[in-house]
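A structural walkthrough
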Amino acid sequence: MWPNWHIFTADVDNLGGLNIVAARSGLRLTTLTAWYDGTRIPHWISRPGIAVALGYPAGRY
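How each quantity is defined
Residues numbered from 1 in each chain as written. Predicted model: local features only at pLDDT ≥ 70, side-chain atom pairs only at ≥ 80, totals over all residues. Heavy atoms only, no water. Core = buried A, V, L, I, M, F, W, Y, C linked by side-chain atoms within 4.5 Å. Buried < 20%, exposed > 50% of the residue type's maximum accessible area, 1.4 Å probe, protein only. Helix = DSSP H or I, 4+ residues; strand = E, 2+ residues; numbered from the N terminus. Contact = heavy atoms within 4.5 Å. Axes fitted to C-alpha atoms, helices over the stretch in contact; angles between N-to-C directions. Parallel < 35°, antiparallel > 145°, perpendicular 65-115°, else oblique. Left-handed = near helix turned anticlockwise from the far one by under 90°. Nonpolar A, V, L, I, M, F, W, Y, C, P; charged D, E, K, R; others polar. Phe/Tyr/Trp six-rings, centres within 6.5 Å; stacked < 30°, edge-to-face > 60°.

Grouped burial of nonpolar side chains is what soluble globular proteins tend to show. Grouped together as the largest cluster of nonpolar side chains are twelve residues: Trp-2, Phe-8, Val-12, Leu-18, Val-21, Ala-22, Leu-32, Trp-35, Ile-50, Ala-51, Leu-54 and Tyr-61. The biggest single contributor to this core is helix α2 (residues 18–25), with three residues. If near-sequence neighbours (up to four positions away) are discounted, Phe-8 is found in contact with Trp-2, Leu-32, Trp-35, Tyr-36, Ile-50, Leu-54 and Tyr-61.

See below:
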């Protein structure tokens, strides 16, 4: 897990779940699922892009 993983999972839940987040953000469902399940950790440099894709400030994760 990464330090703000719990914020990421809460954001995904609040936005309607993995399928909706994938459709809205353009991020792959398989990648989102791996991040959500904690089986894959996004590189620190990509976390700002993930936050922005979900509609949050770049420093959120």
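Structure's up, so let's keep going.
Packing of helix α1 (residues 5–14) against helix α3 (residues 29–37) brings their axes to within 9 Å, and their N-to-C directions diverge by 125°. Classified by the angle their axes make, α1 and α3 are oblique. Classified by chirality, the crossing of α3 by α1 is left-handed. Judged by residue contacts, Trp-5, Phe-8, Thr-9, Val-12 and Asp-13 of α1 engage Leu-32, Trp-35 and Tyr-36 from α3. Classifying every residue of the contact of α1 with α3 by side-chain character gives six nonpolar, one polar and one charged.

Following the criterion strictly, the structure yields three aromatic pairs and no others. Here the aromatic rings of Trp-2 and Phe-8 are separated by 5.4 Å at their centres, their planes lie at 50°, and the arrangement is tilted. Taken individually, Trp-2 and Phe-8 each receive the classification buried, so the pair is uniform in this respect. Counting every residue linked through ring pairs, the aromatic cluster contains Trp-2, Phe-8, Trp-35 and Tyr-61.

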